[in-house]
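What follows is the residue order along each chain.
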Amino acid sequence: MLLPSLPDLNIPVSFIAFHPFFLILDIIYGNVLIVCTYFDVYIYVPLAKRTWLTLHGDEPVVVANGGFSGLYPSQTDIAFRNVFGKNGTVFLCDLHMSRDGHGFCLSQLNIQNTTNAADAFPDRRKTYTVNGKELQGWFALDFTSDEMFSKLLVTQSIFSRTDLFDFSSPYPTDLFLEENNNTQVWINAEYPAFYNQHNLSLVDQIKQLLEVKKDISYISSPDIGFLKRMGPVFHGLKTKLMFKFPIDRSTVEPTTNKRYASLLTKLSMIKKFAAGIVVPREYIWPVNRARHLKSSTNLVAKAHKQGVQVFAYGFANDNYLPYNYSYDPQREYLRFVDNSKFAVDGVVTDFATSASTAIACLAGSQNASKKVHTLIITANGASGDYPGSTDLAYQKAVDDGADIIDCSVQMTKDGVAFCLPSVDLISTTTASGPFMSRATKVEALQSAMGIFSFDFTWEEIQSLKPQMFSEFNGELARDPARKNMGKFVTLSDFLEFAKGKAVAGVLINIENAAFLAANKDLDIVGAVTIALSNATLDKQSTQKVLIMSGESSVLDKFKDIPTYQKVLHIKKKVEFVTNETALEIKKHADAVFLHKHSLYTQFRGEGFTLNLTNLIECMHWANISVYAGTVVNEFQDIYMDFNSDPYTLIHNLIYYGADGIITQYPSTANAYTRNLCTGNQESYRIPDINPGDVITYALDPKEVEEYKPPPPEYLETKDFVTPPLPPVAAIAKKNDHGGSASNSIFSLL
């Protein structure tokens, strides 16, 4: 159907969201939503409205805490300009005051760690008593508004985040309201009693702000007296007053002199002066010392029964999440809004994009059909949740919706082929305890000492325990409770399991074939060939069989079986490939496994993308599929362009052209492929982020232009073309250690 041109519609246009790369407007034309960006016009038929378990049945609100504070310094103009969230996203400003009575958005009372005040004014250090406790540092009330605006710069207060954007002045609250006049805003007044002690009134300041913007959506404070004084000010307006609770519920509230823990039981009293409460997320889903969730409290249900809304705060993608979430930030949001028992009325977050994805795209999608048709390939099963290549990791991968489960084949010295992430047992088993004396150095395989599977019998391997492996330590280490769970799996058991579960396919990874044949008399290629034949996977096309190796000579051994897809593993990070090299790859492989960071170059080692490489384009030109990985959920492995968010990363890898995702967390990839925003993006869509977009927009263009990246790393034929495999002098006699389907360890799953 042809629609009139946009200027001829003569219908209202409302502002949904602004992003440096997207101006999004929604236009209602009949029962059709027209979404206009800078680049395209999209037409959508709206989804049926969903009823939520919030107080009023509305979709939970996303509150951008200080703007996009997960990336930019909190409460700055650049942080607020770069919020990209679903329709109705609210911008939260923490109100503080200068010595001469001007309001500013600042995330903390003590601005020592949030500005350059200590360097700019080293003699302004003060000590104040705040809520009965002494606090030493630098404070806004010790500066004039001119000093703050002209001489202070707001800095990123969380030091694990980038300092690349620490160049904005403190944001005056009146300017904040003027520049966000078409946006819902929230003013949080954290310390009214403290400012009163110094003859500065937050009540009067908010009255002045009402002259700038009448429709302030929310006012919050932990001070009951302040909220009661605000009641008459906002009488007749739509502003909601919210009572905020601190993290430490044993703290004393200044007006009543009662502990917040006691006040939490007096919801009927709170309703008399506030429309809702704002609480730390742990008030609703407590976490034990082992970083596992405890049962939810009944706070939301009790509040809703009293007609009191509940907002939860403290959400951030780069938090050290409870292990229950598998480092998937959206799973945490969903626990609060889509748990079948209750839904909070809003979430206050440093990453509004991620909260919007959870609420607008993932909530209610558990049983949805697949919307994004990309292959989900595991990396040693669901190895983010269980030790890799174990029975539990494979079962979890199947449960989580993986299309292709994988086995990295290793060999024992008595000829048993089994699945394990590495030939070196040190990181993925407990071998370093009882067998450290058998550590040796094999230069052909790795520079470090190792304990190698080919020096062990299958019986000795079974005497060990699997071990959870992660590149991250400390607070980002994976669940210690699962560190040694699961059992080792032979290749034959793995294949029978895959057949029994009817997964779409298997990937068999073969490495070190030449070394094993020449030095250990082990025929790993032969062992794989026999196992696949015994499982009859070479005689059918129902389930895909992918053979992966970094050695062309290994892939060539399977060229006579047309149903097998051969995947070349390009292990090093590369940035450029010529057409000639791509055609050489095509002689040996149908697909490549590329490191995800090979798809784009990096800006100055700062954790931001710069340019798209030519790898996917060139591989597709040569009719070669591209699988990108390895994707993990831990935020430290995700470039900041992608919001420290695995969903944004996965979305953009596919947007760049990847044909499949190789991941240690298949549940996250599977949830993404079923997201409800794909194909029906009424008010929100996961952003397409072109490499270099963030820094080009946020930094001085001259600074970006002057950066000269190092010469690109070329992919060359010498990186993957290997000589024919040497003959195997002797092969260990075939034995029954691998078991059969009838006595498989999987039979108990």
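Everything numeric here is computed off the predicted structure, so don't read it as measured data. Here the residue index of a chain counts from 1 through its sequence in written order. At least 70 in pLDDT is required for a residue's local features to be given in this predicted model, at least 80 for side-chain atom pairs to be given and counted, and no such filter applies to totals for whole chains, interfaces and linings, which use all residues. In computing side-chain properties, one takes all heavy atoms of the structure into account and sets aside hydrogens as well as water.

**Considering the pattern of salt bridges**
Salt bridges are identified by distance alone: a Lys or Arg side-chain nitrogen within 4 Å of an Asp or Glu carboxyl oxygen. One pass over the structure, following the stated rule, counts 33 salt bridges. Linking lysine 213 and aspartate 215 is a salt bridge whose minimum nitrogen-to-oxygen distance equals 3.1 Å. A salt bridge links arginine 438 to glutamate 460; the shortest N-O distance between them is 3.0 Å. Pair noted here: arginine 438 is in the loop between strand E19 (417–419) and helix H14 (458–462) and glutamate 460 is in helix H14, with a separation of 22 residues, a long-range link. For every residue, the accessible area (1.4 Å probe, protein chains only) is compared with the maximum for its type, and the residue is labelled buried under 20%, exposed over 50%, or partly exposed between those bounds. Residue classification places arginine 438 among the partly exposed residues on the basis of a relative accessible area of 27%. Linked through salt bridges whose partners overlap, the residues forming this network are Asp385, Lys396, Asp400 and Arg482. Here a helix means four or more residues in a row that DSSP labels H or I, a strand means two or more in a row labelled E, and each is numbered from the N terminus.

**What about the UniProt feature "domain: GP-PDE" (unreviewed entry) in the chain?**
Feature annotation in UniProt assigns "domain: GP-PDE" (unreviewed entry) to the following positions: residues 60–359 and 374–673. Note that residues 60–359 is 27% helix and 19% strand, and that its end C-alpha atoms are spaced 7 Å apart. Along residues 374–673 the backbone is 28% helical and 19% strand, and the end-to-end C-alpha distance reaches 8 Å. UniProt positions are given in the numbering used here, feature names are shortened, and annotations may be inferred rather than shown by experiment.

**A look at the nonpolar core**
Counting residues in each nonpolar core, the largest one holds 161 residues, and the members touching the most others are Phe243, Ile277, Ile284, Ile405, Phe494 and Ile508. Apart from the residues lying within four places of it in its own chain, the contact partners of isoleucine 284 are Val279, Ser296, Thr297, Leu299, Val300, Val310, Ala312, Phe336, Phe342 and Val344. Among buried residues, the Ala, Val, Leu, Ile, Met, Phe, Trp, Tyr and Cys ones that are joined through side-chain atoms within 4.5 Å form a nonpolar core. Of all hydrophobic cores here, the second largest spans 19 residues; its members include Tyr72, Ala79, Leu164 and Phe603. Pairs of residues are marked as contacts when any of their non-hydrogen atoms sit within 4.5 Å.

**Examining unusual backbone geometry**
Trans peptide bonds make up the majority, and among non-glycine residues the majority have a negative phi. Note that the residue after glycine 629, namely threonine 630, is joined by a cis bond; omega there is -5 degrees. Checked against the element boundaries, threonine 630 lands in strand E27 (residues 625–631). In the Ramachandran plot, asparagine 199 falls in the positive-phi region, its phi being about 60 degrees despite a non-glycine side chain. Within the secondary structure, asparagine 199 sits in the loop between helix H5 (192–197) and helix H6 (202–212). Located in the positive-phi region is serine 644, a residue other than glycine, with phi close to 55 degrees. Position of serine 644 relative to the elements: it lies in the loop between E27 and helix H21 (646–656).

**Things to note about the state of the cysteines**
For this text, the term disulfide refers to a pair of cysteine sulfurs within 2.5 Å. The full count for this structure, using the stated rule, is three disulfides. A disulfide bridge connects cysteine 407 with cysteine 419, and the sulfur atoms are separated by 2.0 Å. Every disulfide takes its handedness from the sign of the S-S torsion; for cysteine 407 and cysteine 419 that torsion is -105 degrees, giving left-handed. With cysteine 407 in strand E18 (residues 404–411) and cysteine 419 in strand E19, the pair connects residues that are twelve residues apart, well separated along the chain. Note on accessibility: cysteine 407 and cysteine 419 belong to one class, buried. For the chain, the bonded cysteines pair up as 1-2, 3-6, 4-5 when numbered in the order they occur along the sequence.

**Here we look at the environment of tyrosine 333**
Looking at the secondary structure, you find tyrosine 333 in helix H11 (residues 329–337). Separated by 23 residues in sequence, tyrosine 333 and serine 356 place their C-alpha atoms 9.4 Å apart. Not counting residues within four places of it along the chain, the set of residues in contact with tyrosine 333 comprises Phe315, Asn317, Val347, Thr349, Phe351, Ser354, Ala355 and Ala358.

**Thoughts on the packing of aromatic side chains**
Stacked, tilted and edge-to-face pairs are distinguished by plane angle, under 30 degrees for stacked and over 60 for edge-to-face with tilted covering the rest, among Phe, Tyr and Trp rings (Trp via its six-membered ring) whose centres lie within 6.5 Å. As enumerated under the stated definition, the model contains 39 aromatic pairs in all. Ring centres of tyrosine 128 and phenylalanine 194 lie 5.6 Å apart, and the angle between their planes is 85 degrees; on these two criteria the pair is classed as edge-to-face. Of this pair, tyrosine 128 sits in strand E8 (residues 126–130) while phenylalanine 194 sits in helix H5, placing them 66 residues apart in sequence. Phenylalanine 194 carries the same exposure label as tyrosine 128, and that label is buried. Here the aromatic rings of tyrosine 320 and phenylalanine 635 are separated by 6.2 Å at their centres, their planes lie at 45 degrees, and the arrangement is tilted. Taken together, the positions of tyrosine 320 in the loop between strand E15 (309–315) and H11 and phenylalanine 635 in the loop between E27 and H21 put the pair 315 residues apart, joining distant regions of the chain. A residue is classified by how much of its surface remains accessible, and tyrosine 320, at 40% relative accessible area, is partly exposed. The buried category is assigned to phenylalanine 635, whose relative accessible area is 10%. Each residue in the set Phe68, Tyr72, Phe165, Phe167, Phe351 and Phe608 is aromatic and connected to the rest through ring pairs, giving one cluster. Geometry around tryptophan 285 places arginine 335 over its ring, the cationic atom sitting 5.1 Å from the centre. Whether a charge sits over a ring depends on NZ of Lys or CZ of Arg being within 6 Å of the ring centre and within 35 degrees of the ring normal. Its end group placed over the ring of phenylalanine 456, arginine 438 keeps NZ or CZ at 4.1 Å from the ring centre.

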